[in-house]
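# Overview (structure and organization)
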Amino acid sequence: MAEKALKQPEIFIWTGTDKRGVRVKGQTRGTNPSLIKADLRKQGIVPIKIKKQATLFSGSTKKRIVPKDIAIFFRQLATMMAAGVPLVQSFDIIGRGHDNPSMRSLILKIKNEVESGTSLSESLAKHPIYFDDLVINLVNAGEQAGVLETLLDKIATYKEKTEYLKAKIKKAMFYPAAVIVVAIIVTAILLIFVVPQFEQLFSSFGADLPAFTRVVVNLSEFMQEWWWLVFGIAAGSIIGVLQAKKRSRKFSRTLDRLTLKLPIVGTIMHKASVARYARTLGTMFAAGVPLVEALGSVAGATGNVVYSDAVLMIRDSVATGQQLQFAMSQTGLFPNMVEQMVAIGEESGSLDSMLNKVADFYEQEVDDAVDALSSLLEPIIMSILGILIGGLVVAMYLPIFKMGAAI
């Protein structure tokens, strides 16, 4: 019975006639045709035909829930509650209207838990994969203070800005990575399939090959015999680094520290971590979460192990009575401007406002830096591709040019 009650709504396409006898059609989300027919009759429509909409994927296939889905969910929930829609009804409307079956199932599951008397923060805490401590603490603070609507809006804004920042950085890294991968694949194809054809042609000449051509031919012979080892080592190295980062905190700390020292990219990662720190702490402090408790949640939101460790040190220092600005200066990671704005915020009692201003500034800095990096990388990558592919072409045609000069 419980499974029937939780049956997920599907999209049905219907055809009918309205009160004037005019033929109309549309689509409605529901659990079965009978309920849809009853709903259409209430609207004055006589149903003629109702059929389930064909889907691209089978019912067993589910889309993965991504952070963007969670951000949209909180924005929709905040909008619903701001419009005066009750919490349970908001969940029902959002859940039944969601395109992602996995997200729809999660929302309706939380709705059932809230409907049974569980608090929203406790319901979210049962799904730690999708809702971290920071979100749960903010929701709990909103429930305790009776300002859940305001806190949901803050969470939605926080999630949107955080996801935008992540997407911006990923976009900057994806383009050069994709071009490099394509360049490697094209070069491998040329070395394995194209160069051997030229090699057979050159061997029929019986003349000595230029040094540059000989190097390319030797490389081609190596790739023909050991291509599986080359690609295996490359794939294994990437998988190994990713797994080591997940499993080894020492390796992760070393990798994050090296990333921060890289030219250009390191500066972007520094600014991104500062922006996340300021945005997260400002949001939690504005929600009334105690500073020491807030810092504990902020540590995991910085996106870098080096900053995460620094924030935990700041938390321990603040817990002993030190000012936040002084504790931040001890880490040596935060720019002087950030420390001074935090100090002004502490003195004036507007710490949350100052932190949000810092976050706005550094998010814009990251945005500008990523755009500048993309503009810088494009000509560099094109030049590298030109040299790589052009070098192979020149190496193959050098013997032909040499023969032409001899003739």
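Anyway, here's the lowdown on the structure attached to this text. (Residues numbered from 1 in each chain as written. Predicted model: local features only at pLDDT ≥ 70, side-chain atom pairs only at ≥ 80, totals over all residues. Heavy atoms only, no water.)

## Some details on the overall build of the protein
The number of helices and strands found in the protein is 16 helices and three strands. Relative to the compact-globule value of 22 Å for 407 residues, the protein shows a C-alpha radius of gyration of 30 Å, a clear excess of over 25%. Reported as C-alpha extents along the three principal axes, the dimensions of the protein are approximately 90 × 75 × 35 Å. Per-residue burial for the protein yields a buried fraction of 39% across its 407 residues. As displayed, the protein has an accessible area near 22,900 Å², and 61% of this comes from carbon and sulfur atoms. The average position of the 45 basic charges and that of the 36 acidic charges among the side chains of the protein differ by 10 Å. (Helix = DSSP H or I, 4+ residues; strand = E, 2+ residues; numbered from the N terminus. Rg over C-alpha atoms; globule rule 2.2 N^0.38 Å. Buried < 20%, exposed > 50% of the residue type's maximum accessible area, 1.4 Å probe, protein only. Areas by Shrake-Rupley, 256 points an atom, 1.4 Å probe, with all protein chains shown as cover. Lys, Arg positive; Asp, Glu negative; His and termini not counted. Charge placed at Lys NZ, Arg CZ, Asp CG, Glu CD.)

## Considerations on a nonpolar patch on the surface
A surface patch of nonpolar side chains, about 1,000 Å² in accessible area, is lined by Ile180, Ile184, Leu219, Phe222, Trp226, Trp227, Trp228, Leu229, Val230, Phe231 and Ile233. Looking at the nonpolar patch, the elements that each hand over two or more residues are α8 (148-205) and α9 (211-247). No other element matches α9, which puts nine residues into the nonpolar patch. With respect to the helices, strands and loops of the structure, isoleucine 180 is situated in helix α8. What makes isoleucine 180 partly exposed here is its relative accessible area of 48%. (Patch = residues over 30% accessible without salt bridge, like charges linked within 9 Å, V, L, I, M, F, W, Y side chains within 5 Å. Salt bridge = Lys/Arg side-chain N within 4 Å of Asp/Glu carboxyl O.)

## Some words on the packing of helix α11 (residues 265-286) against helix α13 (residues 305-319)
At their nearest, the axes of α11 and α13 sit 11 Å apart, and the two run at 40 degrees to each other. In terms of orientation, α11 lies oblique with respect to α13. Between α11 and α13 lies a crossing whose hand is right-handed. Packed against α11, whose contacting residues are His270, Ser273, Val274 and Tyr277, the element α13 presents Tyr307, Val311 and Ile314 at the interface. (Axes fitted to C-alpha atoms, helices over the stretch in contact; angles between N-to-C directions. Parallel < 35°, antiparallel > 145°, perpendicular 65-115°, else oblique. Left-handed = near helix turned anticlockwise from the far one by under 90°. Contact = heavy atoms within 4.5 Å.)

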